[in-house]
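Given next are the chains, with one letter for each unit.
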Amino acid sequence: MRKGRILIVEDDPDIANLLKTYFTSLDYEVQTAARGQEALERTRQQLPHLILLDIVLPDIDGYEVCRRLRTHLRTRHIPILFLTQRDERSDRIAGLELGADDYITKPFDIEELRLRVQNALRRAERESLTSPVTGLPSGRLIEDQLRELLRRSDWGMLYIGINGMEAFKEAYGFVAADEVLRWTAMLIGEVVDELGTPEDFIGHVGGDDFVVITRADRAEAIAQALRQRFAEGVGTHYAFPDRERGYLVLTDSEGNERRVPLMSLAIGIVRAGDSVFHDIRELTEIAAEARRREMLLPG
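Small disclaimer: the values here were computed from a predicted structure and weren't measured.

Caption draft 1: Region of interest: the sheet that holds strand 8 (residues 209-215). In spatial order, the strands read 7-8-6-11; together these four strands make up an open sheet with antiparallel pairing. The open sheet terminates on both sides in strands that have one partner only, identified here as strand 7 (201-206) and strand 11 (264-271). With direction set aside, neighbouring strand axes in the sheet form an average angle of 20 degrees. Taken together, the five bridges between strand 7 and strand 8 define a ladder with antiparallel strand orientation. Bridge pairing in strand 8 links Phe201 to Ile213. Contacting strand 6 (155-163), strand 7 and strand 8, helix 6 (residues 139-149) runs over the sheet at an angle of about 125 degrees to strand 7.

What follows is the structure in structure tokens.
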């Protein structure tokens, strides 16, 4: 299993290739970007668990990349390590004031860099900032966003679960199940980008549970698109015979067979004004009940 997803933002191809080769050999999933805008686009498409960011780039500089990531709800949690030739005290202070987690100057010791990356990832996981599988915000970050809702109006929240995930995991194993979770996270991101707003929030609660916070008038359209696109694409995660049948055949220890339909999404929607919410526990309970009702609907 991969240790995490790293995005290297570096316009020097020799340094970028060196870092990619090194961290790939340590079993990280590594992507590279040579320009600031490319880095922002890659981050939007698939959240990295950590970003190694040069300051001097051909278009926008690393400071601006960091600023944009830190001001966006969906990316503000990602650990950012500046890796740059700028070694002036003012440069380091500027980077740390923007919210960077570390500041490393070139030339660097590759072993020291490895340890700094490792520590930043462990710190984020220990503080329950991100899901180790999807890279999405989790734990405390989700709770903070839910508390914000209690002080806002005109919001809609989607509580998303995957029907049939446990049966899929039983048949195909946890590695294949994690791939489904990563694909689902990407799908949610794509749909929210198209139909939501720039300030929408996506979190991975844990297991196969996700949450989306958007505007009340966007919630239903996002939910409908997610159900449709998930149904259209989930078959690619099954073997051909299961995909053609449209269901799994599982056998228990006594030889009894049962049929389990292909996975689908169950989405509970809660909007501002649906109830008076006194705390986030009430909010999540109502969202969970809305999702349970959908799971019981025929078809």
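We are not done yet, so read on.
Caption draft 2: Layout of the packing of aromatic side chains. The tally for this structure, following the rule as stated, stands at nine aromatic pairs. Seen in terms of ring centroids, Tyr63 and Phe82 are 5.7 Å apart; in terms of plane orientation they differ by 75 degrees. Their pairing is edge-to-face. Here Tyr63, found in helix 3 (residues 62-70), pairs with Phe82, found in strand 4 (residues 80-84); they are 19 residues apart in sequence, far enough to count as distant. Its relative accessible area of 13% is what places Tyr63 among the buried residues. Through a chain of ring-to-ring contacts, three or more aromatic side chains come together here, namely Tyr22, Phe23 and Tyr28. The aromatic ring of Tyr159 is capped on one face by Arg291, whose charged end is 4.1 Å from the ring centroid.

Caption draft 3: Local environment of helix 5 (residues 110-126). When the terminal C-alpha atoms of helix 5 are compared, their 24 Å separation across 17 residues agrees well with the 24 Å that a helix rising 1.5 Å per residue should span. Of all the positions in helix 5, only Leu113, Val117, Gln118, Ala120, Leu121 and Ala124 are classed as buried. End-on view of helix 5: buried residues confined to an arc of 160 degrees, all on one side of the axis. Two to three positions downstream of the cap, the backbone nitrogen of Glu111 sits 2.8 Å from a side-chain oxygen, assigning the N-cap of helix 5 to Asp109.

Caption draft 4: Just the sheet that holds strand 3 (residues 50-53), in detail. In spatial order, the strands read 2-1-3-4-5; together these five strands make up an open sheet with parallel pairing. For this open sheet the edge positions go to strand 2 (29-33) and strand 5 (102-105), each flanked by a neighbour on one side alone. Taken pair by pair, the neighbouring strands of this sheet meet at an average axis angle of 20 degrees, ignoring direction. Pairing geometry for strand 4 and strand 5, over four bridges, is parallel. In the sheet register, Leu81 faces strand 5, and the bridge partner there is Asp102.

Caption draft 5: Representation of the nonpolar core in the model. Ranked by internal contacts, the top residues of the largest apolar core, which has 54 residues, are Leu53, Leu158, Ile160, Ile162, Leu226 and Met263. Here this core gets eight residues from one element, more than from any other, and that element is helix 8 (residues 174-195). Among the nonpolar cores identified, the runner-up in size contains 17 residues, and Leu19, Phe23, Leu83 and Leu121 belong to it.

Caption draft 6: Seen up close, the pairing of strand 4. Burial of strand 4 is extensive: five of the five residues sit out of reach of the surface. Residues Ile80, Phe82 and Thr84 of strand 4 are buried on one face, and the alternating residues Leu81 and Leu83, pointing to the opposite face, are buried as well. Where the polypeptide runs from strand 3 across helix 3 and back to strand 4, its parallel neighbour, the crossover connection is right-handed. A crossover links strand 4 with its parallel partner strand 5, the connecting element being helix 4 (residues 89-97), and its sense is right-handed.

Caption draft 7: Region of the structure containing the environment of Val30. Relative to the helices and strands, Val30 is located in strand 2. What Val30 contacts, discounting residues up to four positions off in sequence, is Ile6, Ile8, Lys20, Phe23 and Thr24.

Caption draft 8: Structural detail: helix 7 (residues 165-172). Taken residue by residue, helix 7 has Met165, Ala167 and Phe168 as its buried positions. Seen end-on, helix 7 carries its buried residues on one side only, within an arc spanning 160 degrees. Tucked inside the fold, the buried residues of helix 7 contact strand 6, helix 8, strand 9 (247-251) and strand 10 (257-261). Two residues or fewer past helix 7, Gly173 is found with a positive phi of approximately 95 degrees.

Conventions used here
Residues numbered from 1 in each chain as written. Predicted model: local features only at pLDDT ≥ 70, side-chain atom pairs only at ≥ 80, totals over all residues. Heavy atoms only, no water. Pairing = 2+ DSSP bridges. Helix = DSSP H or I, 4+ residues; strand = E, 2+ residues; numbered from the N terminus. Axes fitted to C-alpha atoms, helices over the stretch in contact; angles between N-to-C directions. Contact = heavy atoms within 4.5 Å. Phe/Tyr/Trp six-rings, centres within 6.5 Å; stacked < 30°, edge-to-face > 60°. Buried < 20%, exposed > 50% of the residue type's maximum accessible area, 1.4 Å probe, protein only. Lys NZ or Arg CZ within 6 Å of the ring centre and 35° of its normal. Expected span 1.5 Å × (residues − 1). Arc of directions from axis to C-beta. Polar contact = N/O pair within 3.5 Å; in protein donor to acceptor, adjacent residues only side chain to side chain. Core = buried A, V, L, I, M, F, W, Y, C linked by side-chain atoms within 4.5 Å. Right-handed = clockwise from strand over helix to strand, strands pointing away.

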